[in-house]
Amino acid sequence: MEMDTITAISTPMGEGAIAIVRLSGPEAVSIADSLFRGKDLNQVETHTMHYGKLIDPETGDIAEEVMVSVMRAPKTFTREDVVEINCHGGLVSVNRVLEIALANGARLAEPGEFTKRAFMNGRIDLSQAEAVMDLIRAKTDRAMNVALKQMDGRLSHLIQDLRQKLLETLAHVEVNIDYPEYDDVEEMSNEMMREKTREVLQEVEQLLETARQGKILREGLGTAIIGRPNVGKSSLMNALVHENKAIVTEVPGTTRDVIEEYVNVRGVPLRLIDTAGIRETEDIVERIGVERSRQVLQEADLILLVLNYGDELTEEDKKLFEAVNDLNIIVIVNKMDLDPKLDLEEVKRLAGDHPVISTALIREEGIDQLENAIADTFFEGDLDAGDMTYVSNVRHVQLLKQAKQALEDAQNGMDMDVPIDVVQIDVTRTWELLGEIIGDAVHESLIDQLFSQFCLGK
Amino acid sequence: MTYNAGHYDVIVIGAGHAGVEAGLAAAKRGAKTLMLTLNLDLVAFMPCNPSIGGPAKGVVVREIDALGGAMGKVIDKTHIQMRLLNTRKGPAVRALRAQADKPLYIKEMKRVLESQENLTLRQGMVEKLLVEDDEIKGVVTETKAAYYAPTVIVTTGTFMRGRVIIGDLSYESGPNNQRTSVSLSEQLEELGIEMVRFKTGTPMRVNSRTIDYSKTEIQPGEEEPRFFSYETTEFITDQIPCWLTYTNEETHKIINDNLGLSAMYSGMIKGTGPRYCPSIEDKIVRFNDKPRHQIFLEPEGRDTEEVYVQGLSTSLPEYIQKEMMETVPGLEKAEIMRAGYAIEYDSVVPTTLWPTLETKKIGGLFTAGQINGTSGYEEAAGQGLMAGINAAAKALDLETLILDRSQSYIGVMIDDLVTKGTDEPYRLLTSRAEFRLMLRHDNADLRLTEIGHKIGTISDERYERFLEKKRLIEEEKQRLENVILKPTEEVQAAIEASGGSPLKEAVRATDLLRRPEMKYDVIAKLTPSEVSLSDEVEEQVEIQVKYTGYIKKALDQIERMRKMETKTIPEDIDYDEIHGLATEARDRLKQVRPLSVGQASRVSGVNPADVSILLVYIEQGNIARVSGE
């Protein structure tokens, strides 16, 4: 059967030990192979399982350690070539694997689509057909509900606004085309079109940026604690961990042994990086070396820089400030219970716009303020998570990425002086893609817009 | 009481733009065809604006020509002016528009009809359709002539229960005071065919000698000879201009003050009018911030003084029409020769039709043109052509023809009509086509000539010429693909003269042609073709090479769409049997009865889950059939 290759996470979402991302279709094996470092999957026997590493094609980095099962048609669930990628359970890994598969040419499966394919290819017998239809109905309805719930009202409003903006632009071009001698409509020029697409592109990019925030909500905010020895880093970590429920997971194998701990601070999940290192040696830099630590710091979403109130500011402290100054940091002045030797004014000057929190962790003082500051950093002053416009649904992110691509194609077209009615093909595509996000892609509305926006006729 | 007036394969009721194409196409396919019309002096009459073509519509005329229809050839011989529109935009939206000489158009079309083999032209009013067991058997005229045929095409335009309205005056009439048909409309309704009431309108015609053209702007035709038909070889060079003037605040005040007298606003009109063709009173009410509206003064022919006042369509009383014009520069002293009016009429709800334009209710009964809820001569002609082709197919057991949305505007229009229906008189717009780039004015022959030849409406001789053109295009594209242009002085100079940046290294001629500023002519000078190529061939090569990327993208999309279009839905499908369909989808599918899964997916109210379920159900049927064997 001639079909494209679909993919989806086929294990329940949650913190299972292992999760599976499944691919089915004519290109299942070649797609899997293109993102897999290990054996050549195109060459392996059918129904075999292989250990290897998953490559993120964007960065070329190793993303995950995986076990991949290759099952060739016809003896598979869908009777197509099927590949199952077994990865580390948990949302972080599994979403990443899914996204990589999508970026490599697979399409996100519709609800119930694997089962539908199984049926269409004769794998499921006739008596089960009704069950399949029920399944499609139920899964679609549920997926729609979930998608609707995931999409907060503001996102849907924002998308509608963007679509309206595009629609007006499209109607404007259409009117120029269908009513060429109609003189009180300005001719839509490439410049006007460029301006409009630029506006929409910016918004789409911003939405994709919030998708990153949505991802942080799922995956945790990578957080590193740094400071000179003996300033209270492990006390800080213990305070955060003891205050909050911690989940310790071990990610073996890749390039380093890292123990990650998750703590939930005011609704913001923190993923504490290299806490093992801190625990053992009290110092991340000391433990993993300067180069590695710099890399860790660059990957972190949040850095907690700890200072000692009872000590004067040292050159080392200043170097730390320099190293992280353009990152997202919170400065913690610990040991407020000691005699003051630290020049607080100097610290505030060095910290610039970054928050400075005073604590006495040994007496459990200042933890509240710290947690507020962490929440503030993430929500940018907006503490209520439900109030954010962010995109979290993988399907939505996919569609937004495609919309972004279409807008860029339109802009490239304009750069090449392609006629506006041809550029419009990509703008129309953008409008349709955004419509898919909110479940509305009816073509008629363009014609409605045309006649409500312009006075036309004989 | 009736007498047997003869047997035919196809009977066409009406000889408007739909009727003539239907009759000609059926006859060309070899069907013995009868065409009945109220008035033989008014075949292919234009009751509204004296023009043919324009964006989308002009492409339809070319498509009709590529399928062997008459409209393009006739307008090529009878226009007073022709222009290529949207020349500054891309190739996909260029379109021809001709100003017609109305009386001459009629005369020429009548000649074409009279010289068509297999076609009988006769004046007569059809009173009744002969129907037995939901199959059409023939028609009876008011003079009691009974004509028998297995297929009948109704192309009665706005004549069914037509009613003309001017201010508070209202009377039963077809356009231009012709007789209207009441019994036909009643009978269609009795037969169970759903009807709807639509409305349209037309402006006044004025005497050219009473217009002061010095207060207007001239709108000349083009010097460059243009043509709709690929068979046209002689061009009309003495073109007659149109003129442009404007309404103003004073005009608008008169209209506003007398709005209550307009049939549109006094409640006399119940039918739905088209948004794209509003009356002047509509424009002023809906867009009251506009200080002025354009008025084009269009001659109705070479040998008449009548001028069509495009932009002033109205149902206001005649004396207000006069007052209104007194405020418009150039029209202050204009004498009305015919007043503007609104017309209401019955039309068939087009979702009651198959994509062949046969009614679902009555086998062998076809409808085409304005009766199907469209507006425009070109839309009517396109449907007439298709109904003629398919009625002949049914009568003679030949191949039917359904054009898809990626092949033609005609296909887009018919698919829209029979799949989605329409809430207002339907007009083709370029934005209705999702594959506009493929449905170009310049490639109508490449899209459809092959089909026309296969169904017998395109002659062998024309087909040979077409194949030759196609061959030359392909060869020239291939040649340019293989030519490498080095950055020689000559090449760099030619590029510079076109306003481009010089070459850094050798390139393929096709790659150079893809540069925005580059034209085929320039390339051809650098690397001349050994054979001489026509302008049309050169144009094709340029467009196909320049837009390769976009065309490829469109072709990929079409490929995906086709997969669903080729999944046919069994005719005997019982939607009530299908488990899991949403109620709305079920109701709509039962009404539309789409022929393919692709068509089903375009029915409003049918969502992707319903389409999946439908696919599963159909597949289940296939499996059942296979295992039952």
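Residues numbered from 1 in each chain as written. Chains lettered and ligands numbered in written order. Predicted model: local features only at pLDDT ≥ 70, side-chain atom pairs only at ≥ 80, totals over all residues. Heavy atoms only, no water.

Each helix and strand counted, chain B has 20 helices and 24 strands in total. Oriented by its inertia axes, the alpha-carbon framework of chain B measures out at about 85 × 80 × 50 Å. In chain B, buried positions account for 61% of the 629 residues. Contacts spanning at least 24 positions in sequence make up 74% of the contacts within chain B whose residues lie at least 6 apart. Element-wise, carbon and sulfur atoms account for 48% of the exposed surface of chain B, whose accessible area totals about 25000 Å². (Helix = DSSP H or I, 4+ residues; strand = E, 2+ residues; numbered from the N terminus. Buried < 20%, exposed > 50% of the residue type's maximum accessible area, 1.4 Å probe, protein only. Contact = heavy atoms within 4.5 Å. Areas by Shrake-Rupley, 256 points an atom, 1.4 Å probe, with all protein chains shown as cover.)

All names here are of chain B. Relative to the helices and strands, Gln599 is located in helix H19 (residues 597–602). Overall, the relative accessible area of 5% leaves Gln599 in the buried class. There is a polar contact of 2.9 Å between the side chain of Gln599 and the backbone nitrogen of Leu595. Discounting chain neighbours no more than four positions away, the residues touching Gln599 are Pro355, Asp415, Val418, Thr419, Glu565, Val592 and Pro594. (Polar contact = N/O pair within 3.5 Å; in protein donor to acceptor, adjacent residues only side chain to side chain.)

Take the layout of surface pockets next. A water-sized probe, rolled over the atoms, reveals where empty space remains. Roughly 1300 Å³ of volume is contained in the second largest pocket. Lining the second largest pocket we find 46 residues, and of these Pro91, Arg94, Glu539, Glu542 and Ile543 of chain B sit closest to its centre. Counting residues per element, the ones that place at least two in the lining of the second largest pocket are helix H14 (394–415) of chain A together with helix H15 (520–526), helix H16 (535–546) and helix H17 (548–565) of chain B. Residue contributions to the lining of the second largest pocket peak at eight residues, all from H16 of chain B. Among the residues making up the lining of the second largest pocket, the classes are represented as 14 nonpolar, 10 polar and 22 charged. (1 Å grid on protein atoms, 1.4 Å probe; cavity = no way out; pocket = protein on both sides within 12 Å on 5 of 7 lines; lining within 4 Å. Points joined across faces, edges and corners; volume = space filled by probe spheres on them. Nonpolar A, V, L, I, M, F, W, Y, C, P; charged D, E, K, R; others polar.)

To continue, consider the packing of helix H11 (residues 444–455) of chain B against helix H12 (residues 460–482) of chain B. Residues and elements named next belong to chain B. In the contact formed by H11 and H12, the axes pass within 10 Å of each other and the chain directions differ by 145 degrees. Read as a crossing pair, H11 and H12 show a hand that is left-handed. Residue-level inspection shows Asp445, Leu446, Thr449, Glu450 and His453 of H11 in contact with H12, the latter providing Asp460, Tyr463, Phe466, Lys469, Lys470 and Ile473. Residues of the contact of H11 with H12, tallied by class, amount to four nonpolar, two polar and five charged. (Axes fitted to C-alpha atoms, helices over the stretch in contact; angles between N-to-C directions. Left-handed = near helix turned anticlockwise from the far one by under 90°.)

Evaluated as defined, the whole model comprises 65 salt bridges over all chains. Across the pair Glu315 of chain A and Lys318 of chain A runs a salt bridge whose closest N-O atoms are separated by 4.0 Å. Of this pair, Glu315 of chain A and Lys318 of chain A both sit in helix H11 (residues 315–324), three residues apart, which is roughly one turn of the helix. Residue Lys318 of chain A is classed as partly exposed on the basis of its relative accessible area, which comes to 29%. Between Arg349 of chain A and Glu346 of chain A there is a salt bridge, with the nearest N and O atoms lying 3.2 Å from each other. Linking Arg349 of chain A with Glu346 of chain A, this pair stays in helix H12 (residues 344–351), spanning three residues, or about one helical turn. Among the ionic contacts, a cluster of salt bridges with common partners joins Arg405, Asp415, Asp416, Lys420, Glu434, Glu565 and Arg602 of chain B. (Salt bridge = Lys/Arg side-chain N within 4 Å of Asp/Glu carboxyl O.)

All names here are of chain B. Pairing in this open sheet of five strands is parallel, and the strands run E7-E3-E2-E11-E22 from one edge to the other. Each edge of the open sheet carries a strand with a single partner, namely strand E7 (119–123) and strand E22 (365–367). Looking at each pair of strands side by side, their axes are set apart by 20 degrees on average, direction ignored. With four bridges joining them, strand E2 (residues 10–13) and strand E11 (residues 151–154) adopt parallel strand pairing. Among the inter-strand pairings, Val12 is bridged to a residue of E11, identified as Ile153. (Pairing = 2+ DSSP bridges.)

On to helix H4 (residues 102–114) of chain B, then. When the terminal C-alpha atoms of H4 of chain B are compared, their 18 Å separation across 13 residues agrees well with the 18 Å that a helix rising 1.5 Å per residue should span. For H4 of chain B, the complete set of buried residues consists of Lys102, Tyr105, Ile106, Glu108, Met109, Val112 and Leu113 of chain B. (Expected span 1.5 Å × (residues − 1).)

Attention now moves to the sheet that holds strand E4 (residues 51–53) of chain B. Residues and elements named next belong to chain B. Strand order in the open sheet made by the three strands is E4-E6-E5, with antiparallel pairing throughout. Each edge of the sheet is formed by a strand with only one pairing partner; in this case those strands are E4 and strand E5 (79–85). For this sheet, the mean angle separating the axes of adjacent strands, direction not counted, is 20 degrees. Across three bridges, E4 lies against strand E6 (residues 95–100) in antiparallel orientation.

Attention shifts here to empty space enclosed by the protein. Under the defined criterion, the tally for this structure stands at three cavities of 30 Å³ or more. Roughly 90 Å³ of volume is contained in the second largest cavity. Taken together, Glu181 of chain A together with Gln81, Arg83, Arg97, Gln99, Gln219, Cys242, Phe296, Glu298 and Gln310 of chain B make up the full set of residues lining the second largest cavity. Listed by contribution, the elements that provide at least two residues to the lining of the second largest cavity are E5, E6 and strand E18 (294–299) of chain B. Looking at the lining of the second largest cavity, its residues break down into two nonpolar, four polar and four charged.

Attention shifts here to helix H5 (residues 183–190) of chain B. Residue and element names in this part refer to chain B. Taken residue by residue, H5 has Leu184, Ser185, Gln187 and Leu188 as its buried positions. Viewed along the axis of H5, the buried residues span an arc of 165 degrees, placing them on a single side of the element. Its buried side turned inward, H5 meets strand E8 (126–132), E11, strand E14 (195–202), strand E21 (341–348) and E22. Within two residues after H5, Gly192 carries a phi angle of roughly 95 degrees, on the positive side. (Arc of directions from axis to C-beta.)

Now for the side chain of Asp346 of chain B. Residue and element names in this part refer to chain B. If you trace the backbone, Asp346 turns up in strand E21. At 2.7 Å, the side chain of Asp346 forms a polar contact with the side chain of Arg197. Those residues in contact with Asp346 that sit more than four places away from it in its chain are Gly157, Met160, Arg161, Ser185, Met195, Val196 and Arg197.

Let's shift gears to the nonpolar core. The biggest cluster of nonpolar side chains holds 73 residues, and the ones touching the most others in it are Tyr105, Ile153 and Met386 of chain B. Tallying contributions element by element places helix H9 (residues 377–396) of chain B first for this core, with nine residues. Tyr105 of chain B has contacts with His17, Ala44, Met46, Ile52, Met71, Val74, Ile75 and Thr78 of chain B, leaving out every residue within four places of it along the chain. If you look at the next biggest cluster of nonpolar residues, it comprises 46 residues, including Val173, Ile177, Leu201 and Leu400 of chain A. (Core = buried A, V, L, I, M, F, W, Y, C linked by side-chain atoms within 4.5 Å.)

The next subject is the pairing of E11 of chain B. All names here are of chain B. Burial along E11 is two-sided: Thr151 and Ile153 and Val152 and Val154, pointing in opposite directions, are all buried. Inspection of the sheet shows E11 paired to E22 by three bridges, in the parallel sense. Following the sheet pairing, Ile153 is matched in E22 by Phe366.

Ring pairs (aromatic) are described by centroid distance and by the angle formed between their planes. Scanning the entire structure with this criterion turns up four aromatic pairs over all chains. Centroid distance Tyr8 of chain B to Tyr147 of chain B: 6.2 Å. Interplanar angle 55 degrees. Geometry classified as tilted. With Tyr8 of chain B in the loop between strand E1 (3–7) and E2 and Tyr147 of chain B in strand E10 (residues 145–148), the pair connects residues that are 139 residues apart, well separated along the chain. Each member of the pair Tyr8 of chain B and Tyr147 of chain B is classed as buried. With a centroid separation of 6.1 Å and an interplanar angle of 25 degrees, the aromatic rings of Tyr463 of chain B and Phe466 of chain B are classed as stacked. Separated by three residues within a single helix, Tyr463 of chain B and Phe466 of chain B lie in helix H12, roughly one turn from each other. By relative accessible area, Tyr463 of chain B is classed as buried at 11%. One Lys or Arg, Arg163 of chain A, reaches over the ring of Trp431 of chain A and ends 4.3 Å from the middle of that ring. Arg432 of chain B extends its terminal NZ or CZ atom over the ring of Tyr426 of chain B, reaching a point 4.1 Å from the ring centre. (Phe/Tyr/Trp six-rings, centres within 6.5 Å; stacked < 30°, edge-to-face > 60°. Lys NZ or Arg CZ within 6 Å of the ring centre and 35° of its normal.)

Turning our attention to the confidence of the model for chain B. When the pLDDT values of chain B are averaged, the result is 93; 99% of them are 70 or greater. For this predicted complex, the interface score ipTM comes out at 0.84, while the overall pTM is 0.80. (pLDDT = per-residue confidence, 0-100.)

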